[in-house]
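# Coordinate analysis (summary)
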Amino acid sequence: MIKIYHNPRCSKSRATMELLEQRDVNVKVIRYLETPPSAEELELLLSKLGMEPRDLMRKGEKPYRDLNLEEDTKTRADLIEAMVKHPILIERPIVVNHEKVALGRPPENVLGIL
């Protein structure tokens, strides 16, 4: 089953859902703002995406500024913990198909893992 870390208020997330629905893909929707991924889940997603924590962070969000997450002194663990505590920081949507993971920015990125 394919999972999507989804925010229905996000246009890219909605467009990605639409792409998946058009292909009759069975999707498990995780509303990550309500049910944030754990630090371990984020580590796994980052690893499969080949990204560093800041690559998956929404830098324009208030918690990013308030927590001074741009500082070089912040460790990987600090950044991941911030995403767990403030899931609004996580870029979306993230689609998982078994061992393959894609960030739906643009939404067509997910087609490569179907």
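Refer to the structure above for everything that follows.
Residues numbered from 1 in each chain as written. Predicted model: local features only at pLDDT ≥ 70, side-chain atom pairs only at ≥ 80, totals over all residues. Heavy atoms only, no water.

### Notes on the sheet that holds strand S1 (residues 2-6)
This is how it is decided: Whether two strands pair comes down to DSSP finding at least two bridges between them. What counts as a helix is a DSSP run of H or I of at least four residues, what counts as a strand is a run of E of at least two, and both are numbered from the N terminus. Every axis corresponds to a line fitted to the C-alpha atoms, with the helix fit spanning only the stretch in contact, and the corresponding angles, defined between N-to-C directions, vary from 0 to 180 degrees. Contacts are residue-level and defined by heavy atoms, with any inter-residue pair within 4.5 Å sufficient.
Here 4 strands make up an open sheet; going across it, the order is S2-S1-S3-S4 and the pairing mixed. The outermost strands of the open sheet, each flanked by one partner alone, are strand S2 (27-31) and strand S4 (100-103). Averaged over all adjacent pairs, the angle separating strand axes in this sheet is 20 degrees, with direction ignored. Against the sheet, helix H1 (residues 11-22) contacts S1, S2 and strand S3 (94-97), and its axis sits at roughly 160 degrees relative to S1. Helix H2 (residues 39-49) contacts S1, S3 and S4 of the sheet and is inclined by roughly 85 degrees relative to S4.

### Looking at the pairing of S1
Note the cut-off: The classification of residues rests on relative accessible area computed with a 1.4 Å probe and restricted to protein chains. Under 20% of the type maximum is buried, over 50% is exposed, and intermediate values are partly exposed. Note on handedness: a clockwise path from strand one over the helix to strand two, with the strands aimed away from the viewer, defines a right-handed crossover.
Among the 5 residues that make up S1, 4 are buried, leaving the element largely enclosed by the rest of the structure. Crossover handedness for the path S1 to H1 to S2: right-handed. The pairing of S1 with S3 spans 4 bridges and is antiparallel. When the sheet's bridge partners are listed, Ile2 is paired in S3 with Asn97.

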